[in-house]
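Descriptive structure summary
The primary structure of each chain is shown beneath.
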Amino acid sequence: MPGKVAKIGTFSDWIGLFNDWRKDIGVNTRDIDAFHFDTLYGTIETEEIEFGSYKGRRKWENLRQIPTQQMRDALMNMIVYQGDTEFASVEQQRNLLENAPTEWDRRAITRVMIEEMRHGWQMCALLVDHFGYSGKVEAQKMLERRAFENKRLLGAFNVDVDNWMDFFTYTDFVDRDGKFQLQMLKYSAFAPLGRSMSYMLREEAFHMGTGNDGLRRIVEAGVIPAWLIQKYLNKWISSSYDLFGTDHSSSAHWAYVWGVKGRYDEPKNDKAPDLDDLNDYNRNLYRDEVAGLIERFNSALKTGEPKLYAPHIKFNRAIGKWAGQKFHAQTGEPLDDRAYEEHMKEYMPSAADKKLLLDIINNEKKWIAEKTGARDPLSTIGEVRKSAINL
């Protein structure tokens, strides 16, 4: 399949490729194989475009109603990038299924993978059903790229998630970026995209909750030292800052003007947007939310352990105005080359740190606190859909 462009006639043809992809990457367990995947559309809060130059007009139901080809291309690009991250995350996490710390965690990661697959399925359904031949080609390419071959569209989605500290930190913070992106797309002037979001947001909430609760259980157990936990927070949160895109983005500017992607707090924000600063505006909202979540972990730390924190928004950035520059992870103060080299050893996971972490996970039975009083994640997988309308 890679390197070829097949002519997908219908979405049923794409489903055949999807089933092949699951087998090819090695995640088609009995629980995943038994799940019935669906394309799910909820309702939207208003039929009117909510922001931008077309505010007040009726939302578009199909591509023919969208005024220009440039707008259609931008919209398709957003859907492609969103779908690509969903399939990538499954590929990143696929090797953790067999070494979960508890049976509950095994079933939780299975549910996370199922729902990420469904989100990718949903995006590909939009591409196939609404974007003609180009959409069908992009939906196929989504299943041809591989995170473990470094071919996914965004760098953070080519990084291995190969231990459970990575998994919990990833689902708490990278999936939280996903929540922000989905919420911004929920307000889209393209109605089928907006209707896709209510179910996806409900499902995403389980992923974030799994990660946040996993980190809480690690902190409460007190076996993995706080300085090591902090390194993984620095790794994944700094990557998540980049996922909001570059500063002064013309793509974000026009997406707002055209009404296809809003601000995270769009309906509650009556201030005129700074069109030159949209990505950074949403990035700072994300950073504030993350910082509040991490502060809660500190109440469970053992006496004498250093407090955990969200890394500074300038730290370890590869995109935007701080890209490639050298700043302190906690304070954001600038560092010279030598100081920064030493700083990265102290504040980002090294090979020795990973070895220590795996030694703890493999040899300490109580490295994570037990999950108590929780319902089976797979038995409740469908319940989120009952309350997903008008999220």
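Structure first, text after, so check above.
Residues numbered from 1 in each chain as written. Predicted model: local features only at pLDDT ≥ 70, side-chain atom pairs only at ≥ 80, totals over all residues. Heavy atoms only, no water.

In this section: the packing of aromatic side chains. As enumerated under the stated definition, the model contains 27 aromatic pairs in all. For the ring pair W14 and W121, a centre distance of 5.8 Å and an interplane angle of 85 degrees mean the geometry is edge-to-face. Separated by 107 residues along the polypeptide, W14 in helix α1 (residues 11–25) and W121 in helix α4 (residues 103–130) bring together distant segments of the chain. Since its relative accessible area comes to 7%, W121 is described here as buried. Aromatic rings pair up to connect F11, W14, F18, W21, F35, F37, F87 and W121 into one cluster. The side chain of R111 reaches across the aromatic face of F206, ending 3.9 Å from its centre. (Phe/Tyr/Trp six-rings, centres within 6.5 Å; stacked < 30°, edge-to-face > 60°. Helix = DSSP H or I, 4+ residues; strand = E, 2+ residues; numbered from the N terminus. Buried < 20%, exposed > 50% of the residue type's maximum accessible area, 1.4 Å probe, protein only. Lys NZ or Arg CZ within 6 Å of the ring centre and 35° of its normal.)

For the structure on display, the rule yields 37 salt bridges. Between R216 and D213 there is a salt bridge, with its nearest N and O atoms 2.6 Å apart. In this pair, R216 and D213 both sit in helix α7 (residues 191–221), 3 residues apart, roughly one turn of the helix. Classification of R216 as partly exposed rests on a relative accessible area of 29%. Between K231 and D353 there is a salt bridge, with the nearest N and O atoms lying 2.6 Å from each other. With K231 in helix α8 (residues 226–242) and D353 in helix α12 (residues 351–363), this pair connects stretches of sequence that are 122 residues apart. With respect to class, K231 is no different from D353; both count as buried. One salt-bridge network, in which partners are shared between bridges, spans D24, D84, E91, R145, R146 and R152. (Salt bridge = Lys/Arg side-chain N within 4 Å of Asp/Glu carboxyl O.)

At H248, a residue that is not glycine, the phi angle is positive and equals roughly 55 degrees. With respect to the helices and strands, H248 occurs in the loop between α8 and α9 (250–257). Of note, the phi angle at N316 is positive, near 55 degrees, even though the residue is not glycine. Positionally, N316 belongs in the loop between α10 (278–297) and α11 (337–347).

The next subject is α9. Regarding α9, the residues found buried are A252, A255, Y256 and V257. Each element contacted by the buried residues of α9 is listed here: α3 (69–93) and α10. The N-cap residue of α9 is S249: its side-chain oxygen and the backbone nitrogen of S251 are 3.3 Å apart. G259 occupies a position one or two residues after α9 and carries a positive phi of about 85 degrees. (Contact = heavy atoms within 4.5 Å. Polar contact = N/O pair within 3.5 Å; in protein donor to acceptor, adjacent residues only side chain to side chain.)

With that out of the way, let us pick up the packing of helix α6 (residues 164–186) against α10. Relative to each other, α6 and α10 sit at 140 degrees, their axes nearing to 11 Å. Here α6 is positioned oblique relative to α10, judged by the angle of their axes. Helix-helix and strand crossings are classified by hand; for α6 and α10 the assignment is right-handed. Residue-level contacts link D172, F173, V174, R176, D177, K179, F180 and M184 of α6 to N282, L285, Y286, E289, V290, L293, I294 and F297 of α10. A per-class count over the contact of α6 with α10 returns 10 nonpolar, 1 polar and 5 charged. (Axes fitted to C-alpha atoms, helices over the stretch in contact; angles between N-to-C directions. Parallel < 35°, antiparallel > 145°, perpendicular 65-115°, else oblique. Left-handed = near helix turned anticlockwise from the far one by under 90°. Nonpolar A, V, L, I, M, F, W, Y, C, P; charged D, E, K, R; others polar.)

Of note, K136 is situated in helix α5 (residues 132–142). With near-sequence residues (within four places) excluded, K136 lies in contact with I8, G9, L127 and V128.

Let us now look at the environment of E204. Residue placement: E204 occurs in helix α7. For the pair E204 and D175, spaced 29 residues apart in sequence, the C-alpha separation works out to 7.0 Å. The residues touching E204, leaving out its near neighbours within four places in the chain, are E116, H119, D175, K179 and L182.

Tracing the chain through its elements places H328 in the loop between α10 and α11. Separated by 269 residues in the primary sequence, H328 and K59 place their C-alpha atoms 45 Å from one another. Residues in contact with H328, not counting those within four places in the same chain, are H312, F315, E333, L335, H343 and Y347.

The next point concerns the environment of A139. In this fold, A139 is placed in helix α5. A139 sits in the buried class, given a relative accessible area of 0%. Spatially, the C-alpha atom of A139 lies 9.8 Å from that of L17, the residues being 122 residues apart in sequence. Leave out the neighbours within four places in its chain, and A139 touches W14, C124, L127 and V128.

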